[in-house]
Amino acid sequence: LHPAHGAGSDVVIRSDGAKLTLIKRFDFDHHRMTMTAVAFDASTNSHRVYVKGSAEKIKEHSRSDTIPNDFDSVAEGHSRSGCYVIAMASRPATAQEEEIIREGKFQLVRDEMEQGLEFLGLILFRNELKPDTAEALKLLRDGAVRTLMISGDHALTAIHIAHESGLVPHGRQMIWGKRVLDGGEIEWLNERDEVVDLPPLDNTVELAVSGEVFRVLKESHRLASMLQYIRVFARMNPPDKVAVVEEYVNSGLITLMCGDGANDCGALRAAHVGIALSDAEASVVSPFTGLNKSAMDVVEVLLEGRCGLASAFSSYKYMIMY
């Protein structure tokens, strides 16, 4: 697809020359983990629904006969290699939907639009680590600062980045809380995808949990005892991110949050210190905005803060002794 020359951003030309005009858009929803659009296809004089979102949600909303047998293994394999995986699906508009659109009502129900889809394929993105990320995390660790990740991405992608960046100390065992089974039990997997019992928690174990597992641990009052061992929170929506920060704040820990998106704003406000790594929405709610938009900005804020504290104590000591 490419934009039609002079036609605006709502018109694209398909590879076969057909013109597609955007009619209706449902913006990305963190709870649904999907974004949907309805387009008019001039070559067929009909409308078509296009949906993109997380692999698991697109699979859930697509017809089973369009899902390859190796869908799960392929999608998780790409996530495990550090890719951001987005699935695509589509279907033609129903006769009833066509009538609604042509009458100009556009009273389309999103729940209905995102059902009975035909799976199309996966789109892979890879964001490489910035050159100073690993160094910044090492400096924070050497400064007795525990760092962790709260991400909306798949847990396998987050775990890969955690290892690559040095967020997870070398030699630590990573156990992943993948999902909640019937009865409220949590399925724990090791990094070889083997189902395991949760081992005794000590300094050799690092945990990763999905948003679903996080919510169950919180509701069952098991989270507090595991909080210091969780290194990665994955598939977290904005309220989940706020809840994680509040858990650390309520446990008596001085908590700093850095983020660069609108979905981080609540967590940035909830933390004792918020650092925006962008000039967009996050910078409006944060007391600090990083100039370099990298993890090294966190190091700079902490250095300045500790220097200020040391100077204040030295001044008090001088006045008392004087």
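See the structure above.
To keep things clear, this report deals only with the structure shown in the data block. What you see is a predicted model, and the numbers here were worked out from it, not measured in a lab. (Residues numbered from 1 in each chain as written. Predicted model: local features only at pLDDT ≥ 70, side-chain atom pairs only at ≥ 80, totals over all residues. Heavy atoms only, no water.)

For the protein chain, the count of helices and strands is 12 helices and 16 strands. Principal-axis analysis of the C-alpha atoms gives the protein chain an extent of 85 × 50 × 35 Å. A total of 322 residues make up the protein chain; the buried ones form 40% of that total. At a minimum sequence separation of 6, the contacts of the protein chain that also span at least 24 residues come to 55%. Accessible surface for the protein chain amounts to roughly 17,800 Å². Of this, 54% is attributable to carbon and sulfur atoms. (Helix = DSSP H or I, 4+ residues; strand = E, 2+ residues; numbered from the N terminus. Buried < 20%, exposed > 50% of the residue type's maximum accessible area, 1.4 Å probe, protein only. Contact = heavy atoms within 4.5 Å. Areas by Shrake-Rupley, 256 points an atom, 1.4 Å probe, with all protein chains shown as cover.)

Moving on, we get to the environment of M113. Relative to the helices and strands, M113 resides in helix α4 (residues 110-113). Separated by 34 residues in the primary sequence, M113 and T147 place their C-alpha atoms 41 Å from one another. Setting aside residues up to four positions removed in sequence, M113 forms contacts with F26, V38, V49, R91, E97 and L108.

Orientation of helix α7 (residues 211-219) relative to helix α9 (residues 238-250), taken along the N-to-C sense of each, is 45°, at an axis distance of 11 Å. Judged by the angle between their axes, α7 and α9 are oblique. The two elements α7 and α9 cross, and the hand of that crossing is left-handed. On α9, the residues that touch G211, F214, R215 and K218 of α7 are D240, A243, V244 and E247. Classifying every residue of the contact of α7 with α9 by side-chain character gives 3 nonpolar, 1 polar and 4 charged. (Axes fitted to C-alpha atoms, helices over the stretch in contact; angles between N-to-C directions. Parallel < 35°, antiparallel > 145°, perpendicular 65-115°, else oblique. Left-handed = near helix turned anticlockwise from the far one by under 90°. Nonpolar A, V, L, I, M, F, W, Y, C, P; charged D, E, K, R; others polar.)

The next subject is the nonpolar core. Counting residues in hydrophobic clusters, the biggest one holds 29 residues, and the most contacted among them are L207, V209, F214 and F233. The set of elements that each furnish at least two residues to this core consists of β9 (173-180), β10 (186-189), β12 (205-210), α7, α8 (223-226), β13 (230-234), α9 and α10 (265-270). Residues L140, A162, M174 and V299 belong to the second largest nonpolar core, which totals 24 residues. (Core = buried A, V, L, I, M, F, W, Y, C linked by side-chain atoms within 4.5 Å.)

Okay, the sheet that holds β12 next. Taken in spatial order, the 6 strands line up as β8-β13-β12-β9-β10-β11 in an open sheet, and their pairing is mixed. The two strands at the open ends of the sheet, each matched to only one other strand, are β8 (149-150) and β11 (195-196). As paired elements, β9 and β12 share 5 bridges and run parallel to each other. Residue pairing across strands places Q173 opposite V205, the latter belonging to β12. The sheet contacts of helix α6 (residues 155-165) involve β8, β9, β12 and β13, and relative to β9 the element is tilted by about 165°. (Pairing = 2+ DSSP bridges.)

This part is about the sheet that holds strand β14 (residues 256-259). Strand order in the open sheet made by the 3 strands is β14-β15-β16, with parallel pairing throughout. Where the open sheet ends on each side, the last strands, each with one partner, are β14 and β16 (288-289). Note that strand β15 (residues 273-276) and β16 share 2 bridges and pair parallel. By the bridge assignment for β16, I275 is matched with F288.

Purely geometric stuff here, so don't read any function into it on its own.
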